[in-house]
Amino acid sequence: MAWGHSQNPGAWADHSRVVARAAQTIAEKCGLDAHRAYVSGLLHDIGRYEGVRQMHHIYAGYSLLKSKCYDDRVAEICLSHSFPCQDMREYFGENDCSPEETEAITSFLAHKVYDDYDILIQLCDAIGTAEGVSLIDVRVMDVIRRYGFKELTLLKIEANYTNKARFDKLCGMNIYDLFYDEIRDVSFR
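Residues numbered from 1 in each chain as written. Predicted model: local features only at pLDDT ≥ 70, side-chain atom pairs only at ≥ 80, totals over all residues. Heavy atoms only, no water.

(A) Fine view of the packing of helix 8 (residues 136–147) against helix 9 (residues 153–171). Between helix 8 and helix 9, the shortest axis-to-axis distance is 11 Å and the interhelical angle comes to 155°. Accordingly, the angle class assigned to the pair helix 8 and helix 9 is roughly antiparallel. The two elements helix 8 and helix 9 cross, and the hand of that crossing is right-handed. Across the interface between the two elements, I136, D137, V140 and I144 of helix 8 pack against T153, I157, N160, Y161 and K164 of helix 9. Across the contact of helix 8 with helix 9, the residue classes tally to five nonpolar, two polar and two charged. (Axes fitted to C-alpha atoms, helices over the stretch in contact; angles between N-to-C directions. Helix = DSSP H or I, 4+ residues; strand = E, 2+ residues; numbered from the N terminus. Parallel < 35°, antiparallel > 145°, perpendicular 65-115°, else oblique. Left-handed = near helix turned anticlockwise from the far one by under 90°. Contact = heavy atoms within 4.5 Å. Nonpolar A, V, L, I, M, F, W, Y, C, P; charged D, E, K, R; others polar.)

(B) Looking closely at the packing of aromatic side chains. Summed over the entire model, instances satisfying the criterion amount to three aromatic pairs. Pairing W3 with Y49 gives two aromatic rings, centres 4.9 Å apart and planes at 40°, and the pair type is tilted. Taken as a pair, W3 in helix 1 (residues 2–7) and Y49 in the loop between helix 3 (34–43) and helix 4 (56–67) lie far apart in primary sequence, 46 residues in all. Judged by its relative accessible area of 44%, W3 is partly exposed. (Phe/Tyr/Trp six-rings, centres within 6.5 Å; stacked < 30°, edge-to-face > 60°. Buried < 20%, exposed > 50% of the residue type's maximum accessible area, 1.4 Å probe, protein only.)

(C) Examining the packing of helix 7 (residues 116–127) against helix 9 more closely. Contact geometry of helix 7 with helix 9 gives a least axis separation of 9 Å together with a crossing angle of 115°. Every pair of crossing elements has a handedness; the one defined by helix 7 and helix 9 is left-handed. The segment helix 7 lies against helix 9, with D116, I119, L120, Q122, L123 and A126 engaging N160, N163, K164, R166, F167 and L170. Of the residues belonging to the contact of helix 7 with helix 9, the class tally is six nonpolar, three polar and three charged.

(D) The nonpolar core, seen in detail. Ranked by size, the top nonpolar core spans 43 residues in total, and within it I26, M55, F83, I105, L120, F167 and I175 carry the most contacts. Secondary structure elements with two or more residues in this core: helix 2 (11–30), helix 3, helix 5 (72–80), helix 6 (99–111), helix 7, helix 8 and helix 9. Not counting the four nearest positions on each side in its chain, I105 is found in contact with M55, I58, Y59, L79, F83, M88 and C97. Counting 14 residues, the second-largest nonpolar core is a separate cluster that includes I46, L64, V74 and A75. (Core = buried A, V, L, I, M, F, W, Y, C linked by side-chain atoms within 4.5 Å.)

(E) Representation of the confidence of the model for the protein chain within the structure. Put simply, the protein chain has an average pLDDT of 94, and 99% of its residues get 70 or more. For the protein chain, the element scoring lowest by mean pLDDT is helix 10 (residues 180–187), at 88; helix 7 scores highest, at 98. (pLDDT = per-residue confidence, 0-100.)

(F) Broad picture of helix 7. Taking 1.5 Å as the rise per residue, helix 7 with twelve residues should run 16 Å; its terminal C-alpha atoms sit 16 Å apart, in good agreement. Residues of helix 7 that are buried make contact with helix 2, helix 3, helix 5, helix 8 and helix 9. (Expected span 1.5 Å × (residues − 1).)

(G) Region of the structure containing the pattern of salt bridges. Here the structure, examined in full by the defined rule, presents 18 salt bridges. Of the charged contacts in the structure, one is a salt bridge between R53 and D96, with a shortest N-O distance of 3.3 Å. Residue R53 is found in the loop between helix 3 and helix 4, and its partner D96 is found in the loop between helix 5 and helix 6; the two are separated by 43 residues along the sequence. For D96, a relative accessible area of 26% puts it in the partly exposed group. The closest approach of N and O atoms between K112 and E76, which form a salt bridge, is 3.1 Å. Placement of K112 in the loop between helix 6 and helix 7 and of E76 in helix 5 is noted, with a sequence separation of 36 residues between them. Put simply, E50, R53 and D96 are held in one network by salt bridges that share partners. (Salt bridge = Lys/Arg side-chain N within 4 Å of Asp/Glu carboxyl O.)

As structure tokens, this is what we get:
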């Protein structure tokens, strides 16, 4: 992360640290591997090291982690984190991938069976801002303000709430309660 941030300083690194911390906290509460959750959250946006890019960061992160011999499960988080509905049209930004990268992501999404870690990082990406954990609504509105409303935005928002309900059930509590004071500080400024 330090190297990636040195290549492209920005809020994405703080966001990644928040996603990692949230994923670790939720994983611990649910009995999942907290270390795997933390590392996956920390590296989900590592492709942003290349600079100001949009969808390409997904493929760049995956490629970087594969070249560094990271576990496939961690590298694949780079590909899965933005697509809870497994459809490229749900991406908030622009597709600035090459045709080959687009085909690789499309094929991955068509064949990938998401596990708890894919879904956990999608959820934490939907609640993690650079300032801390927030309500899904706050994070989604921030992203919509920056990138606009896309074809599958409503479906993606519903998927984020479905993911939250899944982890509420796994944790036996509302996951927002794990971050109550932080959510109040970040969401209600």
